[in-house]
Amino acid sequence: MNKVGIHRLAFYTSHYYLDLAILANARGIEVNKFYIGLGQSKMAVPAPDEDIVTLAANAAKRALNDINVNEIDTILFATESGIDQSKAAGVYVKSLLGLPNRVRVIELKQACYGATAALQFATAMVAKQPHKKILVLAADVARYGFNTGGESSQGCGAIAMLITANPSILAIEPETGLYTDDVMDFWRPNYRSEALVEGHYSTKIYLHALEQTWQHYQEESGRNFKDHDYFCYHTPVPRLVEKAHQTLLKIAGELPVESNKTHEQLKPILYYGRETGNSYSAALYISLISLLDNTAEELSHKRIGFYSYGSGCVAEFFSGVVQPEYRQVLATEFHRQHLASRQALTYQEYEAFYSYQLPTNGGECFTPKHETGDFRLAGIKEHKRIYKLVNQPEILSKETKAAISKALSPGKLILSGEHAVNFGKPVLAMAIDRYAQTTIASHDPEQVTFNLLDFNYKNSFTINTLRALKRRVKEKYKEFLAGKVGIREVLQQPFELTQYAVVNWLDHMNTKFNRGLDIHTTSSIPVGCGMGSSAASVLSVLKAITRFHDMSWDREQYYTIAKEIEQLQHGKSSGIDVYISLHGGCVYFKEGQAEPRPLPTVPLFLVNTGTPAATTGESVSHVLEHFGQDSIWQTFETVTNIMDKALQANDLPEVQSAIRDNHRLLTKIEVVPAKVQRFITEIEAQGAAAKISGAGAVTGDQAGALLVVTEQVEPIKQLCHQYGYDLLEVKAVERGLHAL
Ligand code: CAA
């Protein structure tokens, strides 16, 4: 009989991940519990416009890149993150990949075991008709919920494997060991988007089922432990795989083996899993890909034992033999590049991604656009998921084209001169490559719907409700100007700024409200950290709504209205945030005059030390009260001018020296918290320079954004790690507010 097995194999995971050190920090857990105790370093987090279909389509596109897809007879899609109770997710994949209609598509479910069932069915089908090719897909998003025991073992990923006769990668052997038992260790009722799990019980069952399937497999195959060269295991967390391997060693009488040795042996198998987290049905096959991609030793003719486990529970032990030409068809470079190019999320970004919910009540939405490979979930319309090819001209109807408007506005960093600007001294600031984005589409003609991703907020209003909000906010702002209330009492929630901007625009333009608005906002600018997130958000909303109504404003109009609105958040605005976000580039301001400067080319980094406990207004008042008459402001001006010249000359040592002087002055005016001072002292000891960028804080430990100038990134990264901060490279950008 012909050999049957895996002919092509690829995996795909999200472009975004959370380092578990950040999760540990947020949850007050010792990071080594995750790094060592679970053996997990990162978990992949899907973007709001990514799901099992887009993940699987991306994996399949790579797996099939040299295959004649007309030869594919069947698509078997295994998942426990189903998106529809009726339609198989594989049908969408078929359509996205442009596969022929002469194909059979079906979805399979049994927790993490589904892909193994699909593989076994596929091999049986090919054994019966050896000219057929079967595409097996497995994709899952592992979700347990915030602050739950399972949170650290989440993740996502997809695999695609093409099953054929005479395969190039792995021939599957016919003998298998099976085990099924009706247990409740992990399950997800239809009404929940997160799984329920009895964590420790599930690991016990996982290991018990391993013993049972191994015993059955041995009876069926007559093979012993030593007949296998490698073992791959379903990987909920890498540490459990080490325990599983120890279990097999024990049964085989191979113990004692030092646990360090097991750790080393399993390294190549677990390499990708440590990076992606659990991907349920795809996890076992990601461990196979990891082994094949990351083992220098020639694996041809080596036998691999596979343990597949799906809670609930069904488990299977089987084996396969690596084929001589396997290296020629692996997607190793694709996998490595895909993982290396991923983007780390901050804790806030993780929360925002995780909390994003598609409407569950029949509502419609357009998802915010993120990096999702070649495919994305664009939204839901008339209860139907809309998938799109990325980077391909969208074929939109005339009506839809007119009904979607998008705008982006950048955040800013102050390079020098914060606080001094309030004493008539110069300030240097630049727009950076972090953006607030607004998308507006048509919706229910009666309503304005806000889907504010970063605030995890979604709600719909009539225009009259929004007008009542505007009246209330205006009234409070008057009270603030009269000194009766603090600025924090003007907006009850930060997202009211966006709502105010929308209703203010409609009233200002005297527009007839008859189309309805569906407004999505998202931002990569940290909030409340002196990086101009409010100004950028307001501007992006104003631009998107102006375009949506086929109108145009000049820059002066944007500046005046956005500054007026931004004041509701900050009290009194210098207008710098709005100016920079609107115009982009790098600017030297003095006494209301803006002089453009070339974009800085020295290596700039940003450290977010967290939202300051004091508002900008409070820090500014403190400085006015205690240092109003001080001669220090002249020194600030001198330092800003030195920095200005050094940046233009691209003179790194002189820029760093001006930053250090700047930091000393800011410390003198008491806006640099003690913890941040300690951090900057350590940064300086590494030969780098840093200063707060923005108002800083007169109370608490956090100072918002820090600007770091260094050519040596690694030591600073390690320092940030110790302090629980994130280090981000930032680039100045020439372009300000613009439509997409
Ligand atoms: N430094 C080093 N190690 C530390 C540590 C530290 N500071 N703190 C704790 N540890 C160690 C512990 O000693 C423990 O080690 P052992 O396993 O060797 O005893 C390990 O870290 C884990 O600690 P806990 O048992 O306290 O961890 P936990 O209560 O968070 O539970 C878990 C871990 C059960 C895997 C949990 O993350 C969970 O419920 N995950 C979801 C369910 C799951 O993945 N189950 C696996 C089997 S079910 C399955 O396979 C199907 C599927 O995919 C879901």
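Residues numbered from 1 in each chain as written. Predicted model: local features only at pLDDT ≥ 70, side-chain atom pairs only at ≥ 80, totals over all residues. Heavy atoms only, no water.

1. Side note on the state of the cysteines
In the structure shown here, the tally under the stated rule is 0 disulfides. C112 provides the cysteine sulfur closest to C156, a residue in no disulfide bond, and the two sulfurs are 14 Å apart. Note on C156: relative accessible area 0%, which makes it buried. Unpaired in terms of disulfides, C313 finds its nearest cysteine sulfur in C112, a separation of 11 Å. The buried category is assigned to C313, whose relative accessible area is 1%. (Disulfide = S-S within 2.5 Å. Buried < 20%, exposed > 50% of the residue type's maximum accessible area, 1.4 Å probe, protein only.)

2. Quick notes on the pairing of strand β9 (residues 177-180)
Of the two faces of β9, the one holding G177 and Y179 is buried and the one holding L178 and T180 is not buried anywhere. For β9 and strand β14 (residues 314-322), the ladder comprises 4 bridges, and the chain directions are antiparallel. Its bridge partner lying in β14, Y179 is registered against A315. (Helix = DSSP H or I, 4+ residues; strand = E, 2+ residues; numbered from the N terminus. Pairing = 2+ DSSP bridges.)

3. Quick look at empty space enclosed by the protein
Regions of empty space are outlined by a rolling probe, equal in size to a water molecule, passed over the atoms. Scanning all chains against the criterion turns up 1 cavity of 30 Å³ or more. Taken as a whole, the largest cavity spans an internal volume of roughly 50 Å³. Lining the largest cavity are T235, I269, G273, T276, G277, S279, A283, I286 and S287. Looking at the lining of the largest cavity, the elements that each hand over two or more residues are α8 (259-276) and α9 (283-294). (1 Å grid on protein atoms, 1.4 Å probe; cavity = no way out; pocket = protein on both sides within 12 Å on 5 of 7 lines; lining within 4 Å. Points joined across faces, edges and corners; volume = space filled by probe spheres on them.)

4. Side note on the domain arrangement of the protein
What the domain assignment reports for the protein is domain 1 (4-348), domain 2 (395-597) and domain 3 (604-729). Here domain 2 and domain 3 have C-alpha centroids that lie 27 Å from each other. Facing the 26 residues of domain 2 at the interface are 39 residues of domain 3. Carbon and sulfur atoms make up 61% of the area that domain 2 and domain 3 hide from each other, which totals about 2600 Å². Counting every contact that joins domain 2 to domain 3 gives 4 salt bridges. Where E637 meets K425, a salt bridge forms, and the shortest distance between an N and an O atom there is 3.5 Å. (Domains from an automatic or database assignment. Contact = heavy atoms within 4.5 Å. Buried area = accessible area lost by both parts, 1.4 Å probe. Salt bridge = Lys/Arg side-chain N within 4 Å of Asp/Glu carboxyl O.)

5. Re the confidence of the model for the protein
Chain-level pLDDT for the protein is 91 on average; 97% of the residues reach the 70-or-more range. Ignoring residues within four places in sequence, the model shows residues 393-402, a span with pLDDT below 50, making 6 contacts including any to other chains. (pLDDT = per-residue confidence, 0-100.)

6. With respect to the sheet that holds strand β28 (residues 705-709)
Note: strands within a sheet are paired through backbone hydrogen bonds, in either parallel or antiparallel orientation. Read across the open sheet, the 4 strands follow the order β27-β28-β26-β29; overall the sheet is antiparallel. Of all strands in the sheet, those with a lone pairing partner are β27 (689-692) and β29 (726-729), marking the two edges. The average angle at which neighbouring strand axes cross in this sheet is 25°, direction not considered. Two elements, strand β26 (residues 604-608) and β29, share 4 bridges in a ladder whose sense is antiparallel. In the sheet register, L606 faces β29, and the bridge partner there is L728. Sheet contacts for helix α21 (residues 652-668): β27 and β28; angle to β27, the most-contacted strand, approximately 40°. Here helix α23 (residues 713-723) sits on the sheet in contact with β26, β28 and β29, set at roughly 145° to β29. (Axes fitted to C-alpha atoms, helices over the stretch in contact; angles between N-to-C directions.)

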